[in-house]
Amino acid sequence: VVASDLRARTAGLQHRMASEMLDVVCRESPPANEIGLLARRLAEVVTDSLHEGRPSIDLYQKIEGLAQRGVSPWVVNYLHTLRVIGNEVVHIRDRMARRPEFIADDDVAVCLFCILRVARFWQSALQG
């Protein structure tokens, strides 16, 4: 419902993001890497759409910039979670030096929750 409302209210890149959210999360069993990519892209599109002026290319800095402009700490943390999970699927890392080595199903569930919360936050921000 949130993604379809966002798709109806947006245009251009933001419209494509809402459509991508619908495509991925409405599938029966989307792969974890697709959810991670969606998470990262959503964090980027949301922060870019809410940034005033020219945003940094560094997603971490863009998210922190929203925090400095009054976005609630929990929403900032949801955005950081999306960034971190997204980074896991797009960057090669030395997984042997970490515990746990890989993202688990529970981590994907948290990511999906953060996608929902960020999408709802974005929806309310676009409504004014």
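Up top is the structure these notes are about.
Calculation notes
Residues numbered from 1 in each chain as written. Predicted model: local features only at pLDDT ≥ 70, side-chain atom pairs only at ≥ 80, totals over all residues. Heavy atoms only, no water. Salt bridge = Lys/Arg side-chain N within 4 Å of Asp/Glu carboxyl O. Helix = DSSP H or I, 4+ residues; strand = E, 2+ residues; numbered from the N terminus. Buried < 20%, exposed > 50% of the residue type's maximum accessible area, 1.4 Å probe, protein only. Patch = residues over 30% accessible without salt bridge, like charges linked within 9 Å, V, L, I, M, F, W, Y side chains within 5 Å. Areas by Shrake-Rupley, 256 points an atom, 1.4 Å probe, with all protein chains shown as cover. Phe/Tyr/Trp six-rings, centres within 6.5 Å; stacked < 30°, edge-to-face > 60°.

Details of the pattern of salt bridges
Inference 1: Here the structure, examined in full by the defined rule, presents 2 salt bridges.
Inference 2: With a closest N to O distance of 2.8 Å, Glu44 and Arg40 form a salt bridge. On the criterion of helical spacing, the pair formed by Glu44 and Arg40 is a turn pair, its members being 4 residues apart in helix H3 (residues 32-50).
Inference 3: Exposure remark for Glu44: the relative accessible area of 26% places this residue in the partly exposed category.

With respect to the environment of Arg41
Inference 1: You can see Arg41 is positioned in helix H3.
Inference 2: Separated by 45 residues in the primary sequence, Arg41 and Gly86 have C-alpha atoms spaced 7.9 Å apart.

A closer look at a nonpolar patch on the surface
Inference 1: Taken together, Leu37, Val89, Val90 and Ile103 make up a surface patch of nonpolar side chains, about 260 Å² in accessible area.
Inference 2: Secondary-structure assignment places Leu37 in helix H3.

Observations regarding the packing of aromatic side chains
Inference 1: Evaluation of the coordinates by the stated rule reveals 1 aromatic pair.
Inference 2: With 5.7 Å between their ring centres and 85 degrees between their planes, Tyr78 and Phe113 make a pair best called edge-to-face. With Tyr78 in helix H5 (residues 73-90) and Phe113 in helix H6 (residues 105-127), this pair connects stretches of sequence that are 35 residues apart.
Inference 3: Assessed through its relative accessible area of 43%, Phe113 is described here as partly exposed.

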